Amino acid sequence: MSYYLLGFVIAIIISTAWMLYPRNQIRFLENVYPGKLGLYIRALETDEEVAHRADEFWSLASAVKLPVAIEVLRQIDKKEHLLDGLIEVREVDYVDGPGTTNLKPVGTALTIRELLESSLIESDNTAHDILLRVAGLDRVNQMLHQFGPRGFSNIVSAKDLRR
């Protein structure tokens, strides 16, 4: 009987031990660097949570690139676009920041695949805004509100974020 109880206690300690590391790291980083950090992690299997300032509102910054990419891929899945379909770079698409898309001349045709890679891998704001144009801002926000975590506000373009 005591072996079962000991095994149960060890299992509880192991299952919750992962929660200590992010909590301690966030506290350490906030003490060492200026600014505030927010974090929310939930283990889907157990519903265990680690939260630090999770009830505060935060700018998504480059995290918005993922829901935009998801909506583009959903539309590709519905045969509304092709992954290797060409999208032309317009003058109004250029946004500052990292990536190589804003180095392309107006009229350059890029595949949706290239734009997704640039947006997600290089955090390319111009590629992101082109994908947002392709997917449609309303459709991205609709998808995010339907399937995303609660509390998200509407996504805007990188250009609008800077205004």
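Residues numbered from 1 in each chain as written. Predicted model: local features only at pLDDT ≥ 70, side-chain atom pairs only at ≥ 80, totals over all residues. Heavy atoms only, no water.

Caption draft 1: Representation of the side chain of Ser118. Along the chain, the position of Ser118 falls in helix 4 (residues 112-121). What Ser118 contacts, discounting residues up to four positions off in sequence, is Thr101, Ser123, Asp124 and Ala127. (Helix = DSSP H or I, 4+ residues; strand = E, 2+ residues; numbered from the N terminus. Contact = heavy atoms within 4.5 Å.)

Caption draft 2: Broad picture of the packing of helix 3 (residues 65-77) against helix 6 (residues 137-147). It is the contact of helix 3 with helix 6, at a shortest axis distance of 9 Å, that shows an interaxial angle of 100 degrees. One way to sum up the angle between helix 3 and helix 6 is to call them roughly perpendicular. Facing helix 3, whose interface residues are Pro67, Val68, Ile70, Glu71, Arg74 and Gln75, helix 6 presents Arg139, Val140, Met143, Leu144 and Phe147. (Axes fitted to C-alpha atoms, helices over the stretch in contact; angles between N-to-C directions. Parallel < 35°, antiparallel > 145°, perpendicular 65-115°, else oblique.)

Caption draft 3: Representation of the pattern of salt bridges in the model. One pass over the full model with this rule turns up six salt bridges. Arg74 serves as the salt-bridge partner of Glu71, at 3.0 Å between the closest nitrogen and oxygen. Here Glu71 and its partner Arg74 are both found in helix 3, three residues apart, which amounts to about one turn of the helix. Arg74 gets classed as partly exposed once you look at its relative accessible area, which sits at 28%. (Salt bridge = Lys/Arg side-chain N within 4 Å of Asp/Glu carboxyl O. Buried < 20%, exposed > 50% of the residue type's maximum accessible area, 1.4 Å probe, protein only.)

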